[in-house]
Amino acid sequence: MRYLWLVIFWAMQAVAQLLFSYGSRTPGRATLGFVLGNVFGASSIVFLMMLYKAMNPNLALGLGTGGAFLCAQGSIAVLFRVPLTPLQYGAMLAIAAGMAAFSMGGKAS
């Protein structure tokens, strides 16, 4: 179940960032983007709290925020057609590798 919560958290965080970006890029939509982004962003914290209860909190935070960042970056790059440089792709790969290393070194809860 914790993997489902993690994926839901990542998705909700990515949607929140997309809405914030939409609101900032679209004239007259700043308030809408802000409100809807916060609905998704704030609501996603419920799933992070469930992860804190189900696993080591340090691991939950590391996987949650790292994965949310990667999902948000990928989503923004694709939907807003913002090309990433090879260095940026490398940085995303390094974050994913760090998340994997962090999870392998974690203690069981």
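Above this text is the structure in question.
Heads up: these notes are all about the structure in this document. (Residues numbered from 1 in each chain as written. Predicted model: local features only at pLDDT ≥ 70, side-chain atom pairs only at ≥ 80, totals over all residues. Heavy atoms only, no water.)

## Let's talk about the packing of helix 2 (residues 30–54) against helix 3 (residues 57–79)
Relative to each other, helix 2 and helix 3 sit at 145°, their axes nearing to 7 Å. You can see that helix 2 and helix 3 cross each other, and the crossing is right-handed. When helix 2 is examined against helix 3, the residues L48, L51 and Y52 are found in contact with a partner set consisting of P57, A60 and L61. A breakdown of the residues in the contact of helix 2 with helix 3 according to their chemical character gives 6 nonpolar, no polar and no charged. (Axes fitted to C-alpha atoms, helices over the stretch in contact; angles between N-to-C directions. Helix = DSSP H or I, 4+ residues; strand = E, 2+ residues; numbered from the N terminus. Left-handed = near helix turned anticlockwise from the far one by under 90°. Contact = heavy atoms within 4.5 Å. Nonpolar A, V, L, I, M, F, W, Y, C, P; charged D, E, K, R; others polar.)

## Some points on the side chain of S44
Structurally, S44 can be placed in helix 2. If we skip the residues at most four places from it in the chain, S44 touches F9, M12 and Q13.

## Some details on the packing of helix 3 against helix 4 (residues 86–104)
The description of two packed helices rests on the angle between their axes and on the distance between the axes. It is the contact of helix 3 with helix 4, at a shortest axis distance of 10 Å, that shows an interaxial angle of 160°. In terms of their interaxial angle, helix 3 and helix 4 are classed as roughly antiparallel. Note on packing geometry: the crossing formed by helix 3 with helix 4 is left-handed. Residues N58, L59, G62, L63, G66, G67, F69, L70, Q73 and G74 of helix 3 form the contact with helix 4, whose participating residues are M92, I95, A96, M99, F102 and S103. (Parallel < 35°, antiparallel > 145°, perpendicular 65-115°, else oblique.)

## With respect to a nonpolar patch on the surface
A cluster of nonpolar side chains, V15, Y22, L32, F34, V35, L36, V39 and F40, forms an exposed patch at the surface whose accessible area comes to about 640 Å². Tallying contributions element by element places helix 2 first for the nonpolar patch, with 6 residues. In this structure, V35 sits in helix 2. You can call V35 partly exposed: its relative accessible area is 44%. (Patch = residues over 30% accessible without salt bridge, like charges linked within 9 Å, V, L, I, M, F, W, Y side chains within 5 Å. Areas by Shrake-Rupley, 256 points an atom, 1.4 Å probe, with all protein chains shown as cover. Salt bridge = Lys/Arg side-chain N within 4 Å of Asp/Glu carboxyl O. Buried < 20%, exposed > 50% of the residue type's maximum accessible area, 1.4 Å probe, protein only.)

## Brief notes about the nonpolar core
For soluble globular proteins, the rule of thumb is that nonpolar side chains tend to be buried together. Core analysis: the biggest nonpolar cluster contains 16 residues, and L6, F9, W10, L51, M55, L63 and M99 have the highest contact counts within it. Only helix 1 (2–25), helix 2, helix 3 and helix 4 provide two or more residues apiece to this core. Looking at this core, the element that brings in the most residues is helix 3, giving 6 residues. The residues contacting L6, other than those within four sequence positions of it, are L51, L63 and G64. (Core = buried A, V, L, I, M, F, W, Y, C linked by side-chain atoms within 4.5 Å.)

## Examining helix 2
Its 25 residues give helix 2 an end-to-end C-alpha distance of 36 Å, which sits within 8% of 36 Å, the value for a rise of 1.5 Å per residue. Residues of helix 2 that are buried include every one of G33, G37, G41, S44, L48 and L51, and no others. The inward-facing, buried residues of helix 2 abut helix 1 and helix 3. (Expected span 1.5 Å × (residues − 1).)

## Overview of the environment of S21
Summarising the element assignment, S21 is placed in helix 1. Here S21 falls in the buried class, since its relative accessible area comes to 11%. The spatial distance from the C-alpha of S21 to the C-alpha of F34 is 9.1 Å, given a sequence separation of 13 residues. With residues up to four places along the chain from it excluded, the contact list for S21 reads I76 and F80.

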